[in-house]
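Understanding the architecture of this molecule
Read off the chains here:
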Amino acid sequence: MTTIAPSATRTYNLGPAELVPLGEGRRFQIGHIPVAVFRTRDGKLFATQAACPHKAGPLADGIVGAGKVICPLHAYKFDLGTGQPVGNDCKALKTYAVAVSEAGDILLSLDEQRPAPAAGET
Amino acid sequence: MADKQKLVVIGNGMAGARFVEEVLACGGRDLFDIQMFGEEPYGNYNRILLSSVVAGTHDPKDIFINPLAWYEENGVKLHAGVRVGWIDRQSKKVYAPGGVTASYDKLVIATGSTPFVPPLAGLATESGEFKPGAFVFRTLDDCDKMVRYSATARKAAVIGGGLLGLEAARGLLNRGLEVHVVHLMPYLMETQLDALAGGMLGRIMEKLGVRVYLEKATTAVLGDDRVTGLAFKDGSRLECDMVVIAAGIRPNVDLARQAALSVERGIVVHDDLSCRNDSNVHAIGECAQHRGQVYGIVAPLWEQARILADRLTGRNPRATYTGSRVSTKLKVMGVELAVMGDNDPRREDDEVVTYVEPSRGVYKKLIVREGRLAGAILLGDGLGAPALLQTFDRDAPLSEDRSGLLFPASGETRAVSVADMPEKAQVCNCNGVSKGRILEAVRAGHRTLKAVCEATRAGTGCGSCKSQVQAIVEFASDGLVADDPSVHYYVPGVPLTKPELIEAIKERGLRSVSAVFSVLADGREDPGSKAGLASLLKIIWGREYEDERDARFINDRVHANIQKDGTFSVVPRIYGGVTSPEQLRRIADVAEKHKVPMVKITGGQRIDLLGISKEKLPEVWKDLGMPSGHAYTKAFRTCKTCVGTEFCRYGVGDSTTLGVEIEKRFQGIESPHKMKLAVSGCPRNCAESTTKDLGAVAIEGGKWEVYVGGAAGSRVRKGDVLCIVDSHDAVLKYMGRFMQYYRENAKYQERTYDFVERTGINKLREVLVDDAEGVCQRLDAEVQAAVDAYKDPWQEAAKPVHPSQFLSLVASVRR
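None of these values were measured; they are calculated from a predicted model.

**Quick notes on the overall build of chain A**
Helix and strand counts for chain A stand at zero helices and 10 strands. When contacts within chain A are restricted to residue pairs at least 6 apart in sequence, those whose partners lie at least 24 apart make up 38%. Here chain A displays about 5,700 Å² of accessible surface, and carbon together with sulfur accounts for 55% of that area.

**A word on the packing of aromatic side chains**
All names here are of chain B. As enumerated under the stated definition, the model contains 15 aromatic pairs over all chains in all. For the pair tryptophan 621 and tryptophan 794, a centre-to-centre distance of 5.1 Å together with 5° between the ring planes defines the contact as stacked. Of the two residues, tryptophan 621 is situated in helix α19 (residues 617-624) and tryptophan 794 in the loop between α24 (776-788) and β42 (811-813); the sequence distance between them amounts to 173 residues. Relative accessible area serves as the criterion here: at 3%, tryptophan 621 is assigned to the buried category. Judged by its relative accessible area of 4%, tryptophan 794 is buried. Ring plane angle 40° and centroid distance 6.5 Å describe the contact between phenylalanine 636 and phenylalanine 666, whose orientation is recorded as tilted. Here the residue phenylalanine 636 occupies a position in strand β35 (residues 636-641), and phenylalanine 666 occupies one in helix α20 (residues 655-666), the gap between them amounting to 30 residues.

**Overview of helix α1 (residues 14-25) of chain B**
Residues and elements named next belong to chain B. Given a rise of 1.5 Å per residue, 12 residues ought to cover 16 Å, and the 16 Å separating the end C-alpha atoms of α1 matches this to within 8%. A large share of α1 lies buried, amounting to 11 of its 12 residues. At the C-terminal side of α1, glycine 27 shows a positive phi close to 80°.

**What about helix α21 (residues 728-745) of chain B?**
Count 3.6 residues to each turn of an α-helix, and residues three or four apart come out pointing the same way. Given a rise of 1.5 Å per residue, 18 residues ought to cover 26 Å, and the 26 Å separating the end C-alpha atoms of α21 of chain B matches this to within 8%. Burial analysis of α21 of chain B places 15 of its 18 residues in the buried class, the great majority of the element.

**With respect to the layout of surface pockets**
The computed volume of the second largest pocket comes to approximately 290 Å³. Along the wall of the second largest pocket there are 18 residues; nearest its centre are Arg27, Pro58 and Asp61 of chain A together with Gly566 and Ser808 of chain B. Tallying contributions element by element places strand β2 (residues 24-30) of chain A first for the lining of the second largest pocket, with three residues. Here the lining of the second largest pocket is built from residues that sort into seven nonpolar, six polar and five charged.

**Points about unusual backbone geometry**
Of note, methionine 189 of chain B is a non-glycine position whose phi angle comes to about 45°, a positive value. Mapped onto the elements, methionine 189 of chain B comes out in the loop between β13 (178-182) and α6 (195-208).

**Comments concerning the sheet that holds strand β4 (residues 45-49) of chain A**
The seven strands lie next to each other as β1(A)-β10(A)-β9(A)-β4(A)-β3(A)-β2(A)-β42(B), forming an open sheet whose pairing is mixed. Pairing within the sheet leaves two strands with one partner each, and these edge strands are β1 (9-16) of chain A together with β42 of chain B. Taken pair by pair, the neighbouring strands of this sheet meet at an average axis angle of 30°, ignoring direction. With three bridges connecting them, β2 of chain A and β42 of chain B associate as parallel partners. From the neighbouring strand, isoleucine 30 of chain A faces β42 of chain B, where its bridge partner is valine 813 of chain B.

**Re the pairing of β4 of chain A**
All names here are of chain A. The buried count for β4 comes to four of five residues, which makes it a mostly enclosed element. As judged from the five bridges shared by strand β3 (residues 33-39) and β4, these two strands associate in the antiparallel manner. Paired with valine 35 across the strands is glutamine 49, a residue of β4. Following β3, the chain reverses through five residues before pairing antiparallel with β4; glycine 43 in that reversal takes a positive phi of roughly 90°. Alignment of β4 against strand β9 (residues 95-100), held across two bridges, turns out to be antiparallel. Note on β9: the bridge partner recorded for threonine 48 is threonine 95.

**Concerning the state of the cysteines**
The tally for this structure, following the rule as stated, stands at zero disulfides over all chains. With no disulfide partner, cysteine 642 of chain B has as its closest neighbouring cysteine sulfur the one in cysteine 686 of chain B, 5.9 Å distant.

**Section: the pattern of salt bridges**
Scanning all chains against the criterion turns up 55 salt bridges over all chains. With a closest N to O distance of 2.8 Å, arginine 717 of chain B and aspartate 720 of chain B form a salt bridge. Like arginine 717 of chain B, the residue aspartate 720 of chain B is buried in the burial classification. Through salt bridges with shared partners, a single ionic network connects Arg41 of chain A together with Glu525, Lys530, Glu548 and Asp550 of chain B.

**A word on a negative patch on the surface**
Taken together, Glu400, Glu766, Asp770 and Asp771 of chain B make up a surface patch of like negative charges. Along the polypeptide, aspartate 770 of chain B turns up in the loop between α23 (761-768) and α24.

**A word on the interface of chain A and chain B**
On the chain B side, the residues contacting the 43 residues of chain A number 34 residues. The largest contributions to the chain A side of the interface with chain B come from Arg41, Asp61 and Ile63 of chain A, which together make up 20% of the buried area. Put simply, arginine 41 of chain A and glutamate 548 of chain B hold a salt bridge, and the shortest N to O gap is 3.6 Å. The interface formed by chain A and chain B contains 14 residue pairs in polar contact (both at pLDDT 80 or more). When residues of the side of chain A that touches chain B are assigned to their parent elements, the largest contribution, six residues, is made by β2 of chain A. Its residues assigned to classes, the side of chain A that touches chain B shows 20 nonpolar, 11 polar and 12 charged.

**A few points about the packing of helix α14 (residues 498-508) of chain B against helix α15 (residues 513-520) of chain B**
Residues and elements named next belong to chain B. Running from amino to carboxyl end, α14 crosses α15 at an angle of 100°, the nearest separation of the two axes being 11 Å. Classified by the angle their axes make, α14 and α15 are roughly perpendicular. Contacts between α14 and α15 involve Leu501, Ala504, Ile505 and Arg508 from the former and Val516, Val519 and Leu520 from the latter.

**Here we look at the nonpolar core**
For soluble globular proteins, the rule of thumb is that nonpolar side chains tend to be buried together. Residue and element names in this part refer to chain B. Core analysis: the largest hydrophobic core is formed by 57 residues, its most contacted members being Phe19 and Ile109. The dominant element in this core, judged by the number of residues it contributes, is helix α8 (residues 298-313), at eight residues. Counting 44 residues, the second largest nonpolar core, distinct from the first, contains Tyr45, Leu166, Val212 and Val335.

**Let's talk about the packing of α14 of chain B against helix α16 (residues 527-541) of chain B**
Residues and elements named next belong to chain B. Contact pair α14 / α16: the axes reach a minimum separation of 11 Å and the direction vectors enclose 60°. Considering the angle they form, α14 stands oblique to α16. Judged by the sense of rotation from one axis to the other, the crossing of α14 with α16 is right-handed. For the pair α14 and α16, contact is made by Lys498, Leu501, Ile502, Ile505 and Lys506 and by Leu533, Leu536, Leu537, Ile540 and Trp541, respectively. Of the residues belonging to the contact of α14 with α16, the class tally is eight nonpolar, no polar and two charged.

**Some words on the side chain of arginine 557 of chain B**
Take arginine 557 of chain B: it is sitting in helix α17 (residues 554-558). With a relative accessible area of 5%, arginine 557 of chain B lands in the buried category. In terms of polar contacts, arginine 557 of chain B uses its side chain to reach the backbone carbonyl oxygen of arginine 552 of chain B, at 3.0 Å. If sequence neighbours within four positions are ignored, arginine 557 of chain B has contacts with Glu24, Asp61, Gly62 and Ile63 of chain A together with Arg549, Asp550, Arg552, Glu796 and Gln805 of chain B.

**Some words on the confidence of the model for chain A**
Looking at chain A as a whole, the pLDDT averages 87, with 86% of positions reaching at least 70. Taken as a whole, residues 115-122 of chain A scores under 50 in pLDDT and shows 12 contacts with residues more than four places along the chain or in a different chain.

Basis of the calculations
Residues numbered from 1 in each chain as written. Chains lettered and ligands numbered in written order. Predicted model: local features only at pLDDT ≥ 70, side-chain atom pairs only at ≥ 80, totals over all residues. Heavy atoms only, no water. Helix = DSSP H or I, 4+ residues; strand = E, 2+ residues; numbered from the N terminus. Contact = heavy atoms within 4.5 Å. Areas by Shrake-Rupley, 256 points an atom, 1.4 Å probe, with all protein chains shown as cover. Phe/Tyr/Trp six-rings, centres within 6.5 Å; stacked < 30°, edge-to-face > 60°. Buried < 20%, exposed > 50% of the residue type's maximum accessible area, 1.4 Å probe, protein only. Expected span 1.5 Å × (residues − 1). 1 Å grid on protein atoms, 1.4 Å probe; cavity = no way out; pocket = protein on both sides within 12 Å on 5 of 7 lines; lining within 4 Å. Points joined across faces, edges and corners; volume = space filled by probe spheres on them. Nonpolar A, V, L, I, M, F, W, Y, C, P; charged D, E, K, R; others polar. Pairing = 2+ DSSP bridges. Axes fitted to C-alpha atoms, helices over the stretch in contact; angles between N-to-C directions. Disulfide = S-S within 2.5 Å. Salt bridge = Lys/Arg side-chain N within 4 Å of Asp/Glu carboxyl O. Patch = residues over 30% accessible without salt bridge, like charges linked within 9 Å, V, L, I, M, F, W, Y side chains within 5 Å. Lys, Arg positive; Asp, Glu negative; His and termini not counted. Charge placed at Lys NZ, Arg CZ, Asp CG, Glu CD. Buried area = accessible area lost by both parts, 1.4 Å probe. Polar contact = N/O pair within 3.5 Å; in protein donor to acceptor, adjacent residues only side chain to side chain. Parallel < 35°, antiparallel > 145°, perpendicular 65-115°, else oblique. Core = buried A, V, L, I, M, F, W, Y, C linked by side-chain atoms within 4.5 Å. Left-handed = near helix turned anticlockwise from the far one by under 90°. pLDDT = per-residue confidence, 0-100.

Following this line, the structure appears as structure tokens:
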């Protein structure tokens, strides 16, 4: 399970999609990387970096709608699919590929740049 | 994508081009193949600024709104410099010279108007053209020719002392010419002004150096091969090198008439802007006649453009145009003149408020009808004009204090003239946005308050600078400021005003935010509208409201106020600010146990525990064993008190007891914005009750003054006395009534102080004290139901609505 394939991406199972209430976001952590996972009302999943590029607001706590999230701290808006800022000139969000497995689990894919993770990360 | 419809627009001026912009903004590119015909060989430009081109303050290239490339980029086929020859409604085709044809499914006629040229002997040469030196003032080419000719001219006459004539005159004066204005009527701008204002304007123009002739009919243009003078009906003559004819405009209706469309003064259109006898043909702008009115200024044109675009693209298929309230500003350097609506009383009970100061050339006149502004003339002193204009545009009730309307108090931010403000001056003190940055945004094409706020973030903090931002947008856009319909909507994502929205929600039985989006917004979920809708639905349906947690702001999902680092603040309720050693001990224990980083006394006489992580919230609440203080939401917050009769030697009323009663009764009641209260035991007012959303002040004789609409935050406002009563129960009754009325009628995020100002205290007294509308019983019952529905949200500590409600990290996996 910790074997790192030489290929560029690796997929992680974050648990059942229901962990994220419909229409909301929640924060997950993969190694050192904090990720915000959103489940829109139409059942689609999105994943972006967890901290707002403006002042590090917790994006997973934002209001979601029409494929966008509004940061709870200063209301900067971003497109969940592309990560692009909407109506502001903040930096774009990093986005991650995310899908639901047949069993209903959240599968998140990360680009693996480094060959091995440090041990003992939680 | 299904087959696109064919949309043809005749006219590429202020109305036609704006309409196409609106269509594109609604995603019309996917719905229509758009073809436009424009008589001028250009993209479209801002015709309003032509007078600035004549005056030399704007370069012609600066007044273009969309260059030719814009049309191509947006997939619009523009036939520039092509005049349409005829319309065949049978085959739905438009024909132009050179074999150009265009088929349409929908046709929009926006042919504008042409200058009216009175019959003058000697105006035309034998070939039928104007004699050299004679001009009309309508197009960029007209201006260009006029300006070039003026370089060698010395003395100019302008025929017509209306808006356009005066602007042309001022422009030519700027070019160093001696300018004479010849006007047929007894005073200038007679359609907009009254005789007094017209006379004063004449003197102001003379002072600027323009000679004004009144009641003078021009009969002939003199000169053999070029203009050398004018002859008048009274036998007199005026020597001049050039003449500009600005004697009014006539709608261009020839095409429509030849196509057998219904034409009177203009092309007759219904409220849906379709022509009387052909629903696939529409007319907007100066060529259209709606309910007997033909408009010649930009704001109504743009409203028509937006509404037609709404209808044709389906953004709002039910949109209708019901007419415009007309206002205009004279753009003549050195003259401040704004006029709106009626210039004279029309009804017997119209109230006329005037102020005249002849030596300075200041004249202000308001026509007040049924408590609203039916018209105004503001000459010579622009102070207060933007505020009045806004009141007029929105048809809002006027303040009882008429002098305050004419002379805004010096403390008001809007009274600071934005024109005089240096560009470096900071306007938005929350986001640090300067006047210069706002000007840049306007120049970059943002033409509504909303667009400018989005582009610059000005006004997106506390919002108190918005009126100033609006004034700068108006100032910078030379009257081109666009009416932003969404300011009238309750939330931006549902195109309905609050009363319309409430009606639709009740009629269709919509009990959840998602139901509102799916029924009233074509299924388009707007994140920025969710919290406002949730608030409204809760107020409308009470216990029947179908709560969807995703529609709530994070504070209302976890019942605590989010802080800059993502932690939360916990404020337990301390009724009336009266606590006990036992309570304080418990708070101290909790703070120690959970290593709370900061314990702070709040301004609302309570204690704030700051820096609590989301996970810890339920445990902290349980350990406190106190109910939520709602210090995170738009609801009744707190009721401050002074010690009152219990201990204070001056106290005349039992303020602590009343404060506790108020807080126990109204705790947690949701409202459009937060409500902070206070009770003072005597007129010394130590609890600062007069600057609270609601306040009570004890006065001698066992009575209480009930204040509403006070503020001491981003702005300071003394509340108004709603009533004076003689018991605690009566204070509770009137406060409850006001709260319910505010809950039902205020806009989302409108504080009581704005709401009270907007509604007017007299109206509030009539409705809430005199029961003039017979609603008091219902209001009392509704607020009682809200009181009965109170549930301490911190009880969710024991029973979260979702397993991950209080998790700030749901799961962590190893890499």
